[in-house]
Amino acid sequence: MKVRIFALGFAFAALTSMAAAQPSSVVQKTYPIVQGKTYKFERVADGVYYATGGFGSNNVVVVNDADVLIVDTGTSPTTARAFVEDIKLITPKPVKYVVNTHFHFDHTDGNQIFGPDVQIIAHEFVKSEMMRGNVLDREPYKSSAGDAYPARIANLKTQIAAERDATKKAALTRDLATAEGVQAQLREIKVTPPTVTYRGKHVIQAGSQEIQLLNWGLAHTGGDTVVFLPREKIVATGDLMESRLAYMGDATFDDWITALDALKKLDFTLILPGHGVPFEDKALITAYQDYLQDVIVKGNQLKRGGVSAEDAAKQIDLTSHSKAFPQITGPGAELRGMRRLYVWLTERGGG
Ligand SMILES: [Zn+2]
């Protein structure tokens with residue numbers, strides 16, 4: 001089933017502009033492509049593929065001497081099954097390692113399709129968050145998926161009942177079928193935490209392939225992993241660094257900026273982000289650090305001025321960052337990110 005239209009990063013669901021924006025500083029290279037039924041694989045290096053087109057995260061495939069490591073599993077078991085099926089187009093080797101870059105549903109909710117012979121590896125925080133038992137009852141899942149699709153389905157049904165034009169009615173009916181298909185996928189999710197956890201650094205030696213899992217403390221979430229391939233000089237960053245603005249609802253803002261400093265010190269030439277497009281220019285990382293810094297400063301000013309988080313989400317002016325992040329088309333920021341900023345500012349006693 002086609003779910004591609006729902007594959008947009010959930011972080012942007014609440015932004016006014018859904019335009020497929022790319023930073024002007026990202027020079028998009030073209031790579032050899034293997035097109036599967038669901039996923040498109042860009043061969044960015046020998047044995048390394050960037051996979052897009054599924055439901056949720058963009059994933060990475062590393063083909064080792066005897067097996068395969070994948071980074072992230074998407075939003076549903078259906079998309080993970082489609083991913084594994086499509087991987088057979090690039091290699092007959094079995095998936096042995098799954099890395100979850102962080103606990104968010106769009107990176108982990110395909111985990112359940114993997115058997116006990118597959119290691120699901122993540123920072124220990126990922127396991128503890130997923131073991132708390134209510135990840136499907138809270139953000140970011142709740143308003144991005146759990147509550148979003150029932151609301152969309154109800155809305156479409158109302159629209160269909162009121163629509164007089166037969167062509168428009170048919171189009172709405174197709175949208176309804178797609179939304180109900182997604183809803184069915186979401187109902188199948190059984191939250192499946194990682195089976196192997198680490199802190200700080202974890203190295204996988206898969207034949208001649210060295211794969212480093214690195215964590216630099218709190219950032220996008222409480223336990224983000226970047227996957228570094230020193231031989232290929234490639235790093236998969238999850239949502240710690242996207243080619244566009246990331247969700248901030250679980251952020252620790254100042255530590256995130258520090259973690260990005262650590263990222264810049266790695267010896268890589270290509271970033272494969274959890275959403276967006278591959279990019280080479282480290283200047284985009286600095287631009288994102290500047291953005292986060294500005295979020296802190298301007299959010300703090302608004303909070304001290306008595307502006308609520310809800311109003312700050314409408315008012316905060318981050319438009320000076322629109323050159324690097326063209327999805328910024330006017331004042332405002334994602335509401336869950338601003339709510340988190342306010343909580344964080346209070347916790348650190350700054351506001
Ligand atoms: Zn995330």
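Residues numbered from 1 in each chain as written. Predicted model: local features only at pLDDT ≥ 70, side-chain atom pairs only at ≥ 80, totals over all residues.

1. As for the sheet that holds strand S7 (residues 119-123)
The strands making up a sheet are joined through hydrogen bonds of the backbone, oriented either antiparallel or parallel.
(1) Moving on: Taken together, the eight strands give an open sheet; going across it, the order is S1-S2-S3-S4-S5-S6-S7-S8, and neighbouring strands pair in mixed fashion. Only two strands of the sheet have a single partner each, and these edge strands are strand S1 (33-35) and strand S8 (196-198). The sheet shows a mean angle of 25° between the axes of neighbouring strands, direction not considered.
(2) Moving on: By the bridge criterion, four bridges tie strand S3 (residues 48-52) to strand S4 (residues 59-63) in an arrangement that is antiparallel. Pairing of Tyr50 across the sheet is with Val60, part of S4. (Pairing = 2+ DSSP bridges. Helix = DSSP H or I, 4+ residues; strand = E, 2+ residues; numbered from the N terminus. Axes fitted to C-alpha atoms, helices over the stretch in contact; angles between N-to-C directions.)

2. Observations regarding the confidence of the model for the protein chain
Parts of the model with low pLDDT should not have their predicted coordinates read in detail.
(1) Moving on: When pLDDT is averaged across the protein chain, the result is 92; 92% of the residues are at 70 or more.
(2) Moving on: Across residues 1-22, confidence stays below pLDDT 50; counting only partners more than four residues off in sequence or on other chains, it has 43 contacts. (pLDDT = per-residue confidence, 0-100. Contact = placed C-beta atoms within 7 Å.)

3. Examining helix H10 (residues 335-347)
(1) Moving on: The end-to-end C-alpha distance of H10, which contains 13 residues, comes to 18 Å, matching closely the 18 Å that a straight helix rising 1.5 Å per residue would cover.
(2) Moving on: Along H10, the positions that sit buried rather than exposed are Arg336, Gly337, Met338, Arg340, Leu341 and Tyr342.
(3) Moving on: Elements that come into contact with the buried residues of H10 comprise helix H7 (253-265), helix H8 (283-304) and helix H9 (309-315).
(4) Moving on: In the stretch just after H10, Gly349 is the one whose phi turns positive, near 75°. (Expected span 1.5 Å × (residues − 1). Buried ≥ 20, exposed ≤ 12 C-beta atoms within 10 Å, placed from the backbone.)

4. Some remarks on helix H6 (residues 166-187)
(1) Moving on: An ideal rise of 1.5 Å per residue puts 32 Å on 22 residues; H6 measures up with 31 Å between its terminal C-alpha atoms.
(2) Moving on: Along H6, the residues classified as buried are Leu172, Ala179, Val182, Gln185 and Leu186. For H6, the angular spread of the buried residues around the axis is 130°, confining them to a single face. In H6, those exposed residues whose orientation departs by more than 90 degrees from the buried face are Ala166, Ala170, Arg174, Ala177 and Arg187.
(3) Moving on: Taken together, the buried residues of H6 touch helix H1 (77-87), helix H4 (141-146) and helix H5 (148-162). (Arc of directions from axis to C-beta.)

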